[in-house]
Structures are given as C-alpha cells and as structure tokens.
Amino acid sequence: MRDLLGSLLRCLTILIAVVLIIGIIGGALWLLLKNQPVAPLSERPTISGKSLEQTGLALYLRFRQNEITESASNDPTVVNFRIEPGETAATIGPRLQNLGLIRDGQLFRLLVRYLGVDDKLEAGDYKLRRNMSLEEIVTVLQHGVTRARKVTIPEGWRMEQAAQLLAREGLVDEGQFLELARAAKFDYAFLNDRPAGRSLEGYLFPDTYQVDEGTDTRGVIELLLRSFDRRVTPAMRQRAAEIKMTLYEVVTLASIVEREAVVEEERNIIASVYHNRLAKGMYLQADPTVQYAKGFNPQTGRWWNPMLLEEAQAVTSPYNTFLHAGLPPGPICSPGVASIRAVLYPADTKYLFFHSKGDGSHAFAETYEEHLANMQKYQR
C-alpha cells in the first residue's frame, strides 16, 4: 500500500512539473506575440506555423532583445563597409564584429536567419555608423549602394578621346558611345539650336564624375549632358542672345578658345581677337581647327598634332578656318565653363592677331605689321 502511494506521489510530481513547463512556454509565447517579434522589419515572419526550431530561435532572440535593439557603441564615427557579390551572413557577421559595429557575429547570423533576409543582403558599398543597433544594420544591408567609379574628362578633349577614356575605365562601349554621340538623339533644350545632323561634340561636358558601374552607355552620355545643362546657366544662355549668338555658336567659338588658351588670364583676350575678326569679316585662321580636321595620327598616337605651315592651305575640310570664313561647322572639342564665359564676356580690345611666345603665353597685336614683328621675335 505504501509503495502504491509512493508511485502515485511521484506521478503527481511529474505531472505538476510538466504543467509548469507547459505554462512557462505558453506564457513566453504569449509575451512574444503580445510584444511583437524581434526587430521591427517589414513583412517579418510570424511564429504561427513555424517549425519547432524557428520557435526556439524566436525565444532565443527574445532573450537577447537588448543586444539587438541597442548599439555596440556610442561612437557616431562612419565606417565604410562592403558586401561582395554572393557573400552571406555567415561571413558578413564576423566582419561586422571585427570592425566593432556589432557585439556578436553569430547573433547577426541568427537574426538574419529568423527574419528570412539572408538572400536579401545586397552586394555594394555602405556607410555604417558605430552607434547603429544590430537591427538598424540588418535593415541598411538590405539596400545596397552601387559602386561608383571616379573619372575625369579634361577640358579641350574631342568626343573620341572621351569615348576611349570611358571605355578604358569599363564604363561604356566605345563604338556605341560614338554612335549615340553622332546620332545625338537626346532631348535637351540646349540642343535645339544645333543644326540638323550635328553630333554632340562640344556638349559632352568636361568634369569629374562619379559613374555608377551599372550605368549603361546611354546613361553615361546623359550624365555628361546633364552636367552641361547645369553648368551652362540660364543667365549664360541669355547672355548669348544679348551678343546675338546662338548657344551652338558660343560653344563652337569657345571650343577654339579652349584649344588656344594656356594662360588663364589670356582666355578673354583670345576670345576678343576672334570676336574682332568675325566682326570685320576676317578668316579666323585658328590652328586648332586644322588640327581637328587632321584627326588621329597613328604615327604619333595622338589626336592633336601641331599644324605645319603648309597644312593651312593643304588640309581640305570645312573645319579649316584658313580656307573658310566664319565659324567652323561646329565645336572641335568640349570647352569648359571658363572658355564659354570668355566668349560671352570677351575683353575689350582691338587685337586682331596673337602669336605664341613659346612659354604658353601670347603676344597680341592690332595690326598685321605688329603681328609680323611678334612672329619674327618669337618664331623658333
């Protein structure tokens, strides 16, 4: 009889223990559902219908809630962080921990696993702060920042040079770039006064750019055109009308000034010489227009080669301003803002000639006799 009572007592004890365990687990689940899942990310999975493993994971993360919602540091310093294509939480977590951005790389992996966003951690470059919480970092890492490549297109380059540079940087297809630039089918108001059939020469604005690696060839051209649209202001376009020039004519003349000017202080003076010659109906006789017409020289490997004296009359091209009066058919390169402003606001001079001194600067003259004297003085 005593043995029977002992057995009943043991069974009752076990039953009470099971009820208590069930009650504890049920209470924990109730609190979990009542207080919402761990990190406040959109479209998070719920406990309902999940495996026992997922339920246990949810309880574990709930137990470490403070480590998820609080930052590892109060330091607001920005840290550059990169996720490589194909990288998973298993390698990302330890790297974040090593950089001091989170306390526990394993907790990062478990949180990402619970939320089901491991395959949503995007490759790219990120700027993370040391005082970000773990849940904030998980959110940010789902929105990758595309890598950008820095490239500088110098003033005075023709579009073929820009195409070659951008192609070397892996940003464009060179052939497609030139095809699109020559077709010039882009919708910008500043292109409206461009004669039919003209390319984008002169409008591919020279500047330093951050080009996203995912940008296609047309997108890169759009980037250069938007820069022109921004840098050549409405006030500058209004000034063109005031001096009775179309914007296309301004860009064309500015491209010649760009190739001629070396010393910054002379830019407006050189522009005044060409304005004065145009006003008198004189030929511009600009060496760079002949250099442009000559094009690429395989022997020198250069696009811009010095003009020989006899080439002034020998190079047959509508761009040769020794043979044709007025402006050439279009720009010969991409001028910068300084050269465009020089054409819009030339110096007030009576100069009609200038000759290189050999050091980048020029000797200016009002008469041909003065010009001959300068030639004799500075001719090599």
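A quick note: this is a predicted structure, and the numbers were derived from the prediction, not measured.

Topic: the packing of aromatic side chains
So, point 1. In this structure the tally under the stated criterion is 13 aromatic pairs.
So, point 2. On the basis of an interplanar angle of 25 degrees and a centroid distance of 5.7 Å, the ring pair of Phe 190 and Tyr 203 is categorised as stacked. Taken together, the positions of Phe 190 in the loop between α8 (174-183) and β4 (208-212) and Tyr 203 in the loop between α8 and β4 put the pair 13 residues apart, joining distant regions of the chain.
So, point 3. Relative accessible area serves as the criterion here: at 0%, Tyr 203 is assigned to the buried category.
So, point 4. Centroid distance Phe 353 to Tyr 368: 5.8 Å. Interplanar angle 50 degrees. Geometry classified as tilted. Remark: Tyr 368 occurs in helix α16 (residues 368-378) and Phe 353 occurs in strand β5 (residues 353-356); sequence separation between them is 15 residues.
So, point 5. Classification of Phe 353 as buried rests on a relative accessible area of 12%.
So, point 6. Three or more aromatic residues link up through ring pairs in this structure, and these residues are Tyr 188, Phe 190, Tyr 203, Phe 205, Phe 228 and Tyr 248.
So, point 7. When the ring centre of Phe 186 is taken as reference, the NZ or CZ atom of Arg 218 above it lies at 4.1 Å.

A look at the pairing of β4
So, point 1. Burial of β4 is one-sided: the residues Tyr 209 and Val 211 facing one way are buried, the residues Thr 208, Gln 210 and Asp 212 facing the other way are not.
So, point 2. Sheet analysis places strand β3 (residues 148-152) next to β4, joined by five bridges and oriented antiparallel. Paired with Val 151 across the bridge in β4 is Tyr 209.

A look at the environment of Ile 92
So, point 1. By the secondary structure assignment, Ile 92 is in helix α4 (residues 89-98).
So, point 2. Classification of Ile 92 as buried rests on a relative accessible area of 0%.
So, point 3. The sequence separation of Ile 92 and Phe 81 amounts to 11 residues, and the corresponding C-alpha distance is 9.8 Å.

Some remarks on the confidence of the model for the protein
Should pLDDT be low for a region, the predicted coordinates there are not to be read in detail.
So, point 1. On average, the protein scores 86 in pLDDT, and the residues at 70 or more come to 85%.
So, point 2. Considering only residues more than four positions removed or in separate chains, one finds that residues 27-49, a stretch of pLDDT under 50, has 36 contacts.

Observations regarding the pattern of salt bridges
So, point 1. A complete count under the given rule lists 11 salt bridges for this structure.
So, point 2. Salt-bridge contacts for Arg 267 lead to Glu 258; the nearest nitrogen and oxygen are separated by 3.3 Å. Like Glu 258, Arg 267 is buried.
So, point 3. Look at the salt bridges and you will find they share partners, linking Arg 64, Glu 67 and Asp 104 into a network.

Overview of the packing of α8 against helix α9 (residues 217-231)
So, point 1. The contact between α8 and α9 brings their axes to 9 Å, and the two run at 50 degrees. Classed by the angle they form, the pair α8 and α9 counts as oblique. In the crossing of α8 with α9, the sense of the turn from one axis to the other is right-handed. For the pair α8 and α9, the contacting residues are Gln 176, Phe 177, Leu 180 and Ala 181 in the first and Thr 217, Arg 218, Ile 221 and Leu 224 in the second.
So, point 2. A class-by-class count of the residues in the contact of α8 with α9 yields five nonpolar, two polar and one charged.

Description of helix α15 (residues 337-344)
Since the α-helix advances by 3.6 residues per turn, residues separated by three or four positions end up pointing in the same direction.
So, point 1. For α15, the buried fraction is high: six of the eight residues fall into the buried class.
So, point 2. Of all the positions in α15, only Val 337, Ser 339, Ile 340, Ala 342, Val 343 and Leu 344 are classed as buried.
So, point 3. Buried residues in α15 make contact with α9, α10 (234-242), α11 (247-260) and α12 (267-279).

Examining the nonpolar core
So, point 1. Core analysis: the biggest nonpolar cluster contains 61 residues, and Phe 177, Leu 200, Leu 225, Phe 228 and Tyr 274 have the highest contact counts within it.
So, point 2. Counting residues per element, the ones that place at least two in this core are α7 (159-168), α8, β4, α9, α10, α11, α12 and α15.
So, point 3. Counting residues per element, this core draws most heavily on α11, at eight residues.
So, point 4. Contact partners of Leu 225, with chain neighbours within four places excluded, come to Phe 186, Tyr 188, Phe 190, Leu 200, Tyr 203 and Leu 204.
So, point 5. Ile 92, Leu 111, Ile 137 and Val 138 belong to the second largest nonpolar core, which has 28 residues in total.

The rules behind each value
Residues numbered from 1 in each chain as written. Predicted model: local features only at pLDDT ≥ 70, side-chain atom pairs only at ≥ 80, totals over all residues. Heavy atoms only, no water. Phe/Tyr/Trp six-rings, centres within 6.5 Å; stacked < 30°, edge-to-face > 60°. Helix = DSSP H or I, 4+ residues; strand = E, 2+ residues; numbered from the N terminus. Buried < 20%, exposed > 50% of the residue type's maximum accessible area, 1.4 Å probe, protein only. Lys NZ or Arg CZ within 6 Å of the ring centre and 35° of its normal. Pairing = 2+ DSSP bridges. pLDDT = per-residue confidence, 0-100. Contact = heavy atoms within 4.5 Å. Salt bridge = Lys/Arg side-chain N within 4 Å of Asp/Glu carboxyl O. Axes fitted to C-alpha atoms, helices over the stretch in contact; angles between N-to-C directions. Parallel < 35°, antiparallel > 145°, perpendicular 65-115°, else oblique. Left-handed = near helix turned anticlockwise from the far one by under 90°. Nonpolar A, V, L, I, M, F, W, Y, C, P; charged D, E, K, R; others polar. Core = buried A, V, L, I, M, F, W, Y, C linked by side-chain atoms within 4.5 Å.

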